[in-house]
Amino acid sequence: MGKKGGTAVEPRPFIGRVFLSAEKKEVNMIDIEIDLQKEQQAALESLERVESPEALDTWKQAHLGKSSLVMTTFGKMGSFSKVERPQVGRAVNQVKVALENAYALKEETIRRKALLSAMASEKLDVTLPGYPVQRGRMHPVNLLMREIYRIFGDMGFQVYRSPEVETDDMNFTYLNIPPYHPARDMWDTFYTEDEGVVLRTHTSPGQIRSMRDYYPNPVRVILPGACMRYEQQDQSHEIEFMQFELLVVDKGVTFANLKGTMDDFTKRMFGPGAHTRLRPSHFPFTEPSAELDMACIFCGGVGCGVCHGTGWIELGGCGMVHPRVLKYGGYDPEVYSGFAAGVGIDRTTLLRYHIDDIRYLRNNDIRFLEQF
Ligand code: PHE
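What you see is a predicted model; the values in this text were computed from it and never measured.

> Would you mind showing me how to read the sheet that holds strand β3 (residues 190-191) here?
Strand pairing in a sheet is mediated by backbone hydrogen bonds. Such pairs are either parallel or antiparallel. What the 3 strands build is an open sheet, ordered β2-β4-β3; its pairing is antiparallel. The open sheet has two edge strands, β2 (165-167) and β3, and neither has a second partner. Across 3 bridges, β2 lies against strand β4 (residues 197-199) in antiparallel orientation. Bridge assignment links Glu166 to a residue of β4, and that residue is Val198.

> Explain the environment of Ser236 here, please?
When you line up the elements, Ser236 lands in the loop between β5 (219-228) and β6 (240-250). For the pair Ser236 and Gly344, spaced 108 residues apart in sequence, the C-alpha separation works out to 11 Å. With residues near it in sequence (within four places) discarded, Ser236 still touches Arg347 and Ile358.

> Help me understand unusual backbone geometry in this model?
Leaving glycine out, the prevailing phi sign among residues is negative, and the prevailing peptide bond configuration is trans. Of note, the bond from Tyr215 into Pro216 is cis; its omega dihedral lies within 30 degrees of zero at 10 degrees. Here Glu287 and Pro288 are connected by a cis peptide whose omega angle stands at -5 degrees. Backbone geometry at Tyr180 places phi at a positive 70 degrees, although glycine is not the residue there. Residue Tyr180 is classed as exposed on the basis of its relative accessible area of 83%. Residue His354 is not a glycine yet carries a positive backbone phi of 55 degrees. Examined against the element boundaries, His354 turns out to sit in the loop between α10 (345-353) and α11 (366-369).

> Help me out: how do you make sense of the side chain of Asn176 in this one?
Checked against the element boundaries, Asn176 lands in the loop between α6 (168-171) and β3. Among the polar contacts made by the side chain of Asn176, one reaches the side chain of His322 at a distance of 3.5 Å. Leave out the neighbours within four places in its chain, and Asn176 touches Pro284, His322, Arg324 and Val325.

Cut-offs used in this document
- Residues numbered from 1 in each chain as written.
- Predicted model: local features only at pLDDT ≥ 70, side-chain atom pairs only at ≥ 80, totals over all residues.
- Heavy atoms only, no water.
- Pairing = 2+ DSSP bridges.
- Helix = DSSP H or I, 4+ residues; strand = E, 2+ residues; numbered from the N terminus.
- Contact = heavy atoms within 4.5 Å.
- Buried < 20%, exposed > 50% of the residue type's maximum accessible area, 1.4 Å probe, protein only.
- Polar contact = N/O pair within 3.5 Å; in protein donor to acceptor, adjacent residues only side chain to side chain.

Pasting the structure below:
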C-alpha cells in the first residue's frame, strides 16, 4: 500500500471478505449472521405457504440447493480466516439444520395429505370382480389313473411305486425271460449305455420288487407308471405310455379271482353294461395267460372301426403268476399262488373319452387338454 498522487488508499469494498482491522471484522461477521438469520426467517415463512410436493421441491432448490445462501456460504468457507471460520460455520450450520428439519416435517405433512386425498378419491370397490386366475387341470391320463386307484382302492389294493429305469434282470430275467430268449422280442426295449440297465417296457418288474418287499405277507398291489418301448409312433402306438399292473399273491388265489376282479374293474370303469372275456394267450411270467377283452362300447359288439370289425377291444394281458416268478419273488409256489394283470392306461383313456389318436395325450396342446 503506497501513496498514489497524494490520495489515501480507499478501503476495499465489502464483498463478504474479511478485512484486516479487528473492527471491520466484527462488522462483517455480524453482517453474515444477520443475512443468515434473515434467510432462515424468510425460508421458514415461505415454507408455511407450501402446499404441494412440486412447491416443496422448488422451495428446497431455493433454500437448500446449490445456489442457496446456506450452500454458497459453505462454499466460501475457505476465504474466511482461521478465527472466523468456526464462527461462520456454526452459524450457517444452525440455519441449515433448522431448514432441513422444517423441510422434513413439511414433507411428511404433504405426503399424508396426498395419501388421504387419494384414499378419498380412489375408493376401493370390493364388489368389482377380480382378475381370473389361470387354473391348470388334470391331464386326462391322470384323471383316469385316479379313478383306477379309487376302484382298486375299494377292492383293497395298495398303490406300489417302482422305478421306471430298471435292471435287465427285473424287466426280463426274473419274469422268466432269460437273456437271449426269443421271448424278449415281445418288447422293443430301450437299452441304456449302462450294461444291464433298461427303460422298463412294462410295469411287471414291480411284481418282483413288491413280492420281495411284502414277503412273507399276502400281496395285493396296483403298480402304476410310465413304460417305454422303441416303437414306430402312430395313432395307437407311443414310445412312452402308462400302464398299471395288478398283483395278488396269497394262499388259495384262483383264476376265478382274476376273472372276477377284471370283470368288476371293467364294469366300474365303463359302466354296468360293459362285459369282458378272457382270450387264451401267452406271457412268459404267467401260466395260464390270457388277454382281457371288452365288448366294443362303440358298436355294442357288432363290429366297427374302433374294434377293427371284431366287436372286441383289448384292454391288457393277465394270468396266474408263473411258479418261477413266485420263486424269484421269494414265495413258495407249492404254498402260494397269485394272479397278475397289466393294462394300458393311455388306450383306456382314449376309449373312455372317445379320443381317436394316442399322440394327442403327449403333445401338450392346450386346446386339447382344456377339454377335460
Ligand atoms: N406286462 C405285460 C405287457 O406289458 C402285460 C401283463 C402283465 C401280462 C401281467 C400278464 C400279466 O405286455
